[in-house]
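Descriptive structure summary
So the chains spell out like this:
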Amino acid sequence: MPRRERREQLLESALGVFVAQGYHAAAMDDIAERAGVSKPVLYQHFPGKLDLYLALLDSSADAVIENCRVALEATQDNRLRVEAAMGVFYSYVADDAGAFRLVFESDLTSEPAVRAQVDRVTTECADMIAAVIHDDTDLPHAESRLLAVSLVGMAQVSARFWLAEDSDIDRGTAAALVSGLAWRGIRGYPRHDTE
């Protein structure tokens, strides 16, 4: 198997083990067995468990950030932007692979490299949203950023709560309810006259 394909196979297998067991309980033996490879093959691609975890975390963080960017750039209508950005987080937590657990529920956040990746999701998504808020309202950067972090936090926490509750509310309805709440709040800030 080509190196790149093998690496992807190992990452996919590791994701299943880390999601099911958490970082501390997961063993490289379990990951190798799930991938159908020997431990030496696994170690050829990843020198240790933390390296493997960080590779997965980096990929997961990139996916959320990129999806948030795409949602914000898809329209100039801010109500639709709020809906799309909220939908990103609900889709992410609803994904069967469970990668969101690495980002939002990691049992290794005391490790600085892990904490940096987890914080990167909030920071980079909030920075994109803050730029839209600032451009639209002319609020100072610090105020725009605080509002953006609040919106990202609302998305993350509500999506995880919705999933954990095993609610009879479908994903689209749940995301629409929360984006409606967010939009009612954020639209109250007056638009900046750009002319």
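Residues numbered from 1 in each chain as written. Predicted model: local features only at pLDDT ≥ 70, side-chain atom pairs only at ≥ 80, totals over all residues. Heavy atoms only, no water.

Quick look at the nonpolar core now. Counting residues in each nonpolar core, the largest one holds 58 residues, and the members touching the most others are Phe 18 and Leu 52. Where this core is concerned, the elements lending two or more residues are helix H1 (3-25), helix H2 (28-35), helix H4 (49-73), helix H5 (78-94), helix H6 (100-104), helix H7 (112-137), helix H8 (141-164) and helix H9 (171-186). Looking at which element gives the most residues to this core, the answer is H4, with 10 residues. In contact with Phe 18, not counting residues within four places along its chain, are Tyr 23, Ala 26, Ile 31, Lys 49, Leu 52, Tyr 53, Leu 56 and Leu 102. (Core = buried A, V, L, I, M, F, W, Y, C linked by side-chain atoms within 4.5 Å. Buried < 20%, exposed > 50% of the residue type's maximum accessible area, 1.4 Å probe, protein only. Helix = DSSP H or I, 4+ residues; strand = E, 2+ residues; numbered from the N terminus. Contact = heavy atoms within 4.5 Å.)

Turning next to the UniProt feature "domain: HTH tetR-type" (unreviewed entry) in the chain. The positions UniProt marks with the feature "domain: HTH tetR-type" (unreviewed entry) are residues 4-64. Across residues 4-64, the secondary structure splits into 87% helix and 0% strand, with the terminal C-alpha atoms separated by 22 Å. (UniProt positions renumbered as here; feature names shortened; annotations may be inferred.)

Now for the side chain of Ser 179. As for its position among the elements, Ser 179 is in helix H9. With residues near it in sequence (within four places) discarded, Ser 179 still touches Val 82, Glu 83 and Met 86.

Turning our attention to the layout of surface pockets. Taking a probe equal in size to a water molecule and rolling it over the atoms shows the remaining empty space. Approximately 300 Å³ is the volume found for the largest pocket. Along the walls of the largest pocket sit 21 residues, with Asn 78, Val 82, Ile 133, Leu 151 and Ile 186 positioned nearest its centre. Only H5, H7, H8 and H9 provide two or more residues apiece to the lining of the largest pocket. Counting residues per element, the lining of the largest pocket draws most heavily on H5, at six residues. Roughly 260 Å³ of volume is contained in the second largest pocket. As for the second largest pocket, its lining consists of 13 residues, and the residues nearest its centre are Leu 15, Leu 56, Ser 59, Ser 60 and Ala 99. The set of elements that each furnish at least two residues to the lining of the second largest pocket consists of H1 and H4. The element that contributes the greatest number of residues to the lining of the second largest pocket is H4, accounting for six residues. When grouped by side-chain class, the residues that make up the lining of the second largest pocket number seven nonpolar, three polar and three charged. (1 Å grid on protein atoms, 1.4 Å probe; cavity = no way out; pocket = protein on both sides within 12 Å on 5 of 7 lines; lining within 4 Å. Points joined across faces, edges and corners; volume = space filled by probe spheres on them. Nonpolar A, V, L, I, M, F, W, Y, C, P; charged D, E, K, R; others polar.)

A word on the packing of aromatic side chains. Counted according to the given criterion, the structure contains six aromatic pairs. Note on Tyr 23 and Tyr 53: the rings are 5.1 Å apart at their centroids and 75° apart in plane angle, and the pair reads as edge-to-face. Pair noted here: Tyr 23 is in helix H1 and Tyr 53 is in helix H4, with a separation of 30 residues, a long-range link. On the basis of relative accessible area, Tyr 23 is assigned to the buried category, the value being 11%. (Phe/Tyr/Trp six-rings, centres within 6.5 Å; stacked < 30°, edge-to-face > 60°.)

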